[in-house]
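Here are the chains, one letter per residue:
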Amino acid sequence: MSSPLSAAPRFRMSKPDWLASPKVLRTEVLAGLVVALALIPEAISFSIIAGVDPSIGLFASFTMAVVISVVGGRKAMISAATGAVALVIAPLNHEYGLGYLVAAVILAGVFQVILGVLGVARLMRFVPRSVMVGFVNALAVLIFIAQVPEMHDVPWAVYPLLAAGLGLMVFFPKVTKVVPAPLVSIIVLTVITVAAGIAVPTVGDKGELPSSLPVPGLPDVPFTMDTLTTIAPYALAMALVGLMESLMTAKLVDDITDTRSNKTRESVGQGIANIVTGFFGGMGGCAMIGQTMINVKVSGARTRLSTFLAGSFLMVLCIVFGPVVSDIPMAALVAVMVMVSVGTFDWHSVRPRTLKRMPLGETVVMAITVIVVVATDNLAIGVVVGSVTAMIIFAKRVAHLANVSGVVDPDGKQVVYSVTGELFFASSNDLVHQFDYKDDPDDVVIDMSGTHIWDASSVAALDAIETKYAQRGKKVTFTGLNEPSADMHERLAGQLTGGH
C-alpha cells in the first residue's frame, strides 16, 4: 500500500533555457558582452541629454537590465537608460535638481505598474501593421542619425577604422559564427588603435566611468504634496513614453523570434525596474531598441541570461576594466550601430514592387509614422500619430460601406428597404439621406439583417429616419436586427434627443 506522501504530486524545477546546450550558453554570454560594450557610450550620451553625471546613466542601465531580466515579460530584450526618457525628464532635472529627477523615476515606475495591472498592454492590438513597419524604419533612421555626429569633424583615421569595422562585420560571419562579429570588430579596432597609437575619439572621451557600485537610498526631496504635484506630470509622461517604446520593442522581438511575450508582465516589469533604478539613484529607462537588435538580431540571443549579463558586464567593464574600456575607439561602436540600422530597416517595405501593390493608405500611414518619429525624435509620438492616421483612413474607407436598397410591393402598399454594411458614427451620417420619404407608401419596412449597429450615432440615425416618415404620416418597422443591435436599439431609441 502506497503512503499518502508517495501519491503527492512531485514538483521539479525546470532547467533554464540558457542551459539547453553549451552553444546556447556561449551565444548568450557573448551577446551580453557585446551589448554591454555598446551600452556604455549610449548611457553616457543620454546622461548628458538629461543633464546628469555619466554614472547616473550607467547605473540606470545596470539596474534596469538586471531587474528586467527577472521580472520582464520579453526574453532577450534589453532595457536601459534611453534617449526618450532622458528628453522627458531633462527639464525637471534642470529646474529642480537630481533629487526630483530620481523621485520622478520612482513615481513613473509606480504609474507603470498600475497601468500594467489595468491592462494597458491590450492597447497594442490597435497598432496597425503599417504603423509597426513605420516604427521599425524610423528606428533604423534614428539609429543611423545618432551616429552622424561621431563621423563629422573627426580625425581622418576614424573613416578607415569605420570601414574596417563594417568590413569585419560583413565578412567575418562567413568564416565563423562562433564569436559575434561585432565583438571581433570592437577588439580588433581597439588593439589596432592602441598598438599604433592612433589618436581618435574613444569611449573615455564621453565621460568618466564609475569606480564603484551604486548604493540604494531615498531621493533627496521633501516628502510633501508640492513635491508630488511637481514630479507627477513628468513621471506620467515618462511612464507612458517608456511603456509605449517597450511594448513596441517587445512586439518587434516577437516577430523576429517568432515567439509570444507577456506584454502585461512586461509593463509591470518595466515599472518594477524603474522603481529599483530610482532607489539606486539612476535616471530610469525603458526598452532600448538599438541594443535589443544587437542582442537578438545580430548576436542571436534568445534568453533572459543575455539581458542579465548585459547589465552585469556593464558594471564589471566600468569598475574593473575601466581603463581598457576607455580606450575603445568610438569608430568601432559606430560601425556596430550602423550595421544595426541597416539590418533593422525593412527594405522590403520600400521596394517599388511592394509600394505598387500596397494600398495607398497603408503607405501613407507608414510614411507619416517615419516622418513624425524622425522630426520629433520620439518613437511614442510617431506611433500615436500613425495609429490615429490609420484609424481616420479606415473610418473614411468603411464610412461608405453602408448601402440601402428598396423594393416596393406590386400593390404599392409597402416598401421594403435592405440595409447592408456596418453602421457606426461615420457611415450612419449618410444613411438618413438614402430613403424616399416623400413618395414611399405608408408602410415602410427596413430589413437590418445585413448590418450591425455599433454606436449611439447609428441609433440616432434610425430615430431620424423614423421621425421623417412619421412627419408624413407613415409607419416604419425595423426587422432582422441581431441580438446586440436589437438590445442597443431598444435601450437608446427615442432617448437620444428631447424632441422625439
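Notes on the structure follow. Values in this document were obtained by computation on a predicted structure and should not be read as measured data. (Residues numbered from 1 in each chain as written. Predicted model: local features only at pLDDT ≥ 70, side-chain atom pairs only at ≥ 80, totals over all residues. Heavy atoms only, no water.)

### Let's talk about the overall build of the chain
So the rule is basically this: Segments assigned H or I by DSSP are reported as helices when at least four residues long, segments assigned E as strands when at least two residues long, and all are numbered from the N terminus. As a reference, a globule follows 2.2 Å times the number of residues to the power 0.38, and the radius of gyration itself is taken over C-alpha atoms. Per-residue accessibility, obtained with a 1.4 Å probe over protein chains only, is compared with the maximum for each type, and a residue is labelled buried under 20%, exposed over 50%, and partly exposed between these values. Residues are treated as being in contact if the distance between any of their heavy atoms lies within 4.5 Å. Note that His is not counted, nor are the chain ends; the positive residues are Lys and Arg, and the negative ones are Asp and Glu. Charge coordinates come from a single atom per side chain, which is NZ of Lys, CZ of Arg, CG of Asp or CD of Glu.
A count of helices and strands for the chain gives 19 helices and 6 strands. At 29 Å, the chain has a C-alpha radius of gyration far larger than the 23 Å of a compact globule built from 500 residues. Oriented by its inertia axes, the alpha-carbon framework of the chain measures out at about 100 × 70 × 65 Å. Of all 500 residues assigned to the chain, the portion counted as buried reaches 51%. Once local pairs closer than 6 in sequence are excluded, the contacts in the chain between residues at least 24 apart make up 84%. When the 33 positive and 36 negative side-chain charges of the chain are each reduced to one mean point, those points stand 12 Å apart.

### Some points on the pairing of strand 3 (residues 403–408)
Short version of the rule: Paired strands, as defined in this entry, are two strands with at least two bridges between them according to DSSP.
Sheet topology note: the strand 3/strand 4 (residues 414–423) ladder contains 6 bridges and is antiparallel. Bridge pairing in strand 4 links V408 to V415. Counting the residues between successive antiparallel strands, the hairpin from strand 3 to strand 4 contains 5 residues, one of them, G412, with a positive phi of roughly 75°.

### Focus on a positive patch on the surface
The condition is simple: Excluding any residue in a salt bridge, patches collect residues exceeding 30% relative accessible area, merging like charges within 9 Å and nonpolar Val, Leu, Ile, Met, Phe, Trp and Tyr side chains within 5 Å. Using the Shrake-Rupley algorithm and a 1.4 Å probe, accessible areas are obtained, with residue cover drawn only from the displayed protein chains. By convention in these notes, a salt bridge is any Lys or Arg side-chain nitrogen within 4 Å of a carboxyl oxygen on Asp or Glu.
A cluster of basic residues, R351, R353, K356 and R357, forms a positive patch on the protein surface. Judged by its relative accessible area of 62%, R353 is exposed.

### Brief notes about the environment of A181
Along the polypeptide, A181 turns up in helix 8 (residues 181–196). On the basis of relative accessibility, which here comes to 9%, the residue A181 falls in the buried class. Separated by 114 residues in the primary sequence, A181 and V67 have C-alpha atoms spaced 28 Å apart. Discounting chain neighbours no more than four positions away, the residues touching A181 are L168, M169, F172 and P173.

### Focus: the pattern of salt bridges
Within this structure, the stated rule accounts for 4 salt bridges. Residues E150 and K206 are paired through a salt bridge, measuring 2.5 Å at the closest nitrogen-oxygen approach. One end of the pair, E150, is in the loop between helix 6 (129–147) and helix 7 (158–175); the other, K206, is in the loop between helix 8 and helix 9 (225–257), with 56 residues separating them in the sequence. On the accessibility criterion, K206 (23% relative accessible area) is partly exposed. Across the pair R491 and D487 runs a salt bridge whose closest N-O atoms are separated by 3.2 Å. Of this pair, R491 and D487 both sit in helix 19 (residues 483–492), 4 residues apart, roughly one helical turn. Under the relative-accessibility criterion, D487 is labelled partly exposed at 39%.

Spatial relationships are all this shows, so hold off on functional conclusions.
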